[in-house]
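Residues per chain are reported as follows:
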Amino acid sequence: MNDAAVRLEYLADTVRLLYPGAGSPRAYTVLPHAAVPRRLAPRRWWHPWPRVVVPVEGSIAAHLGEVLGRPVETVLHVRPALRANRKPVLEARSGGRRLAFVKIGDSERARALVTAEAAALRRLAGLPLDTVTVPRVLHHGSWRGLAVLALSPLPVRRRQVPRRLLLDAIKEIAGTGGPSPAWHGDLAPWNMCPSRDGRVLVWDWERYEVGVPYGFDAVHHFFQRALRRMDPPLAAQACLARAARELAPLGVSGAAARQTALRYLIALADRHAADGHSPLGPPESWLSPVADHEELLT
């Protein structure tokens, strides 16, 4: 089954889950809109089914209206197929204004991630952050056995974060752990952007963790960018080769930087194993070669 078919099947299951009164999936359609990926709804398609308003009573929209204190309309986002952290994500809107982004924990793993993000954001809300801006938790609870996390929307601008500002953000996030460095856990370019006031807007905190080697976020940022240009084995080699250069501005020595990069790659492989998902392929193909090489050098 290809990506589009998996997404559409997941969309149908999600609509039935969040809008119990919607009935058959043929009561709605994916419209050819600029916000809808072309692989789901090519612009040349002609949709024979009429637009139908999905019933609100007894739905997640009604629940969100109650917790947010006003009637809301919802827009459902469908994440890429077969991702370990895939979960329904909604936009809650009222009067044409976006009120919140809402994450729904619809599986055991997704519920754990939603709960972890809520805890991380509450922790960060109590800290004086000068560089990083994070969403506020508007609501965290459950509905029909699903975890529900509503977050304030950030004024996102799709621009790259300058290098100096990125390093300041990495340092500040590391410092939120107190004596033990912390990391965001997925500080990739697509999870941040510069704000108009010179800060960094950062979202998707579900992998935040305290007690990791200093510099994990910098290594992750480099590795994720490298994966856009090369296959996982080569990206892992580049990760170790560039570790000293990437971590030098953070005050990490060359030898320590390579060890930090290796520990990061091992931690990432452990994460994938815990998720039951191998987006980079088996660790033997991309992690073992660099780990074995480092062992020979020590």
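Fair warning: this is a prediction, and the values are worked out from it, not measured in the lab.

K.L.:
I'd like a description of the environment of methionine 230, backed by residues and values.
P.N.:
Considering the arrangement of structural elements, one finds methionine 230 in the loop between α5 (216–227) and α6 (232–241). Not counting residues within four places of it along the chain, the set of residues in contact with methionine 230 comprises Ala235 and Ala238.

K.L.:
Let's hear about the pattern of salt bridges: which residues, and what values?
P.N.:
The final tally for this structure, using the stated rule, is 13 salt bridges. Among the ionic pairs, lysine 103 bridges to aspartate 204, the shortest N-O distance being 2.7 Å. Of this pair, lysine 103 sits in strand β3 (residues 97–105) while aspartate 204 is found in the loop between β9 (200–202) and β10 (209–210), placing the two residues 101 residues apart along the sequence. A relative accessible area of 8% places lysine 103 in the buried class. Taking the shortest distance from any N to any O, the salt bridge between aspartate 275 and arginine 207 comes out at 2.8 Å. Note that aspartate 275 is positioned in helix α8 (residues 254–275) and arginine 207 in the loop between β9 and β10, a separation of 68 residues in sequence. Across the pair, exposure class does not vary: aspartate 275 and arginine 207 are buried alike. Ionic contacts of the salt-bridge type, sharing partners, join the residues Lys87, Lys103, Glu117, Asp204 and Glu206 into one network.

K.L.:
How would you sum up the pairing of strand β5 (residues 137–143)? Please name residues and give values.
P.N.:
In terms of strand pairing, β5 meets strand β6 (residues 146–151) through six bridges, oriented antiparallel. Bridged to glycine 141 within β6 is valine 148. Linking β5 to β6, which pair antiparallel, is a turn of two residues; within it arginine 144 sits at a positive phi near 55°.

K.L.:
Which residues make up the sheet that holds strand β1 (residues 73–77), and what values go with them?
P.N.:
Sheet strands pair via backbone hydrogen bonds, and the direction of the pair is either parallel or antiparallel. Read across the open sheet, the five strands follow the order β1-β2-β3-β6-β5; overall the sheet is antiparallel. What marks the edges here is a single partner per strand, and that holds for β1 and β5. Averaged over all neighbouring strand pairs, the angle between strand axes comes to 25°, with direction disregarded. With six bridges joining them, strand β2 (residues 89–94) and β3 adopt antiparallel strand pairing. Across the sheet, residue alanine 92 finds its bridge partner in β3, namely alanine 100. Relative to β5, helix α2 (residues 60–68) is tilted by about 135°, and along the sheet it contacts β1, β2, β3, β5 and β6.

K.L.:
So, α5: which residues are in play, and what are the values?
P.N.:
Taking 1.5 Å per residue, 12 residues should reach 16 Å; α5 reaches 16 Å between its end C-alpha atoms and fits that length. Extensive coverage of α5 is indicated by the burial of 10 of its 12 residues. The complete set of buried residues in α5 reads Phe216, Asp217, Ala218, Val219, His220, His221, Phe222, Phe223, Gln224 and Ala226. For α5, the secondary structure elements touched by its buried residues are α4 (163–175), β7 (182–183), β8 (192–194), α6, α7 (243–247) and α8.

K.L.:
Report on the packing of aromatic side chains, specifying residues and quantitative values.
P.N.:
Two aromatic rings, taken as a pair, are described by how far apart their centres are and by the angle between their planes. In total, this model carries six aromatic pairs according to the counting rule given. With a centroid separation of 6.1 Å and an interplanar angle of 85°, the aromatic rings of tryptophan 183 and tyrosine 264 are classed as edge-to-face. One end of the pair, tryptophan 183, is in strand β7; the other, tyrosine 264, is in helix α8, with 81 residues separating them in the sequence. Of the two residues, tryptophan 183 and tyrosine 264, both sit in the buried class. Judged by centre distance (5.9 Å) and plane angle (80°), the ring pair of phenylalanine 216 and tyrosine 264 falls under edge-to-face. With a gap of 48 residues between them, phenylalanine 216 in helix α5 and tyrosine 264 in helix α8 connect regions that are remote in the sequence. A residue is classified by how much of its surface remains accessible, and tyrosine 264, at 0% relative accessible area, is buried. Three or more aromatic residues joined by ring pairs form one cluster here, namely Trp183, Phe216, Phe223, Tyr264 and Trp286.

K.L.:
Got a sec to walk through the side chain of arginine 207? Specific residues and values, please.
P.N.:
Judged by its relative accessible area of 13%, arginine 207 is buried. In terms of polar contacts, arginine 207 uses its side chain to reach the side chain of aspartate 275, at 2.8 Å.

K.L.:
Describe the packing of α5 against α6, and please don't skip the residues or the numbers.
P.N.:
One can describe the packing of α5 onto α6 by two numbers: an axis separation of 9 Å at closest approach and a directional angle of 145°. Taken as a pair, α5 and α6 cross one another with a handedness that is right-handed. Across the interface between the two elements, Val219, Phe222, Phe223, Ala226 and Leu227 from α5 touch Pro232, Ala235, Ala236, Ala238 and Cys239 from α6. Class assignment for the residues of the contact of α5 with α6 results in 10 nonpolar, no polar and no charged.

K.L.:
Requested: an account of the packing of α6 against α8, with residues and values cited.
P.N.:
For the pair α6 and α8, the least separation of the axes is 8 Å and the interaxial angle reads 150°. As summarised for this structure, α6 and α8 are arranged roughly antiparallel, according to the angle between their axes. Contact with α6, carried on its side by Ala236, Cys239, Leu240 and Ala241, involves Arg258, Ala261, Leu262, Tyr264 and Leu265 of α8 and no other residues of that element. Taken together, the residues of the contact of α6 with α8 sort by class into eight nonpolar, no polar and one charged.

Conventions and cut-offs
- Residues numbered from 1 in each chain as written.
- Predicted model: local features only at pLDDT ≥ 70, side-chain atom pairs only at ≥ 80, totals over all residues.
- Heavy atoms only, no water.
- Helix = DSSP H or I, 4+ residues; strand = E, 2+ residues; numbered from the N terminus.
- Contact = heavy atoms within 4.5 Å.
- Salt bridge = Lys/Arg side-chain N within 4 Å of Asp/Glu carboxyl O.
- Buried < 20%, exposed > 50% of the residue type's maximum accessible area, 1.4 Å probe, protein only.
- Pairing = 2+ DSSP bridges.
- Axes fitted to C-alpha atoms, helices over the stretch in contact; angles between N-to-C directions.
- Expected span 1.5 Å × (residues − 1).
- Phe/Tyr/Trp six-rings, centres within 6.5 Å; stacked < 30°, edge-to-face > 60°.
- Polar contact = N/O pair within 3.5 Å; in protein donor to acceptor, adjacent residues only side chain to side chain.
- Left-handed = near helix turned anticlockwise from the far one by under 90°.
- Nonpolar A, V, L, I, M, F, W, Y, C, P; charged D, E, K, R; others polar.
- Parallel < 35°, antiparallel > 145°, perpendicular 65-115°, else oblique.

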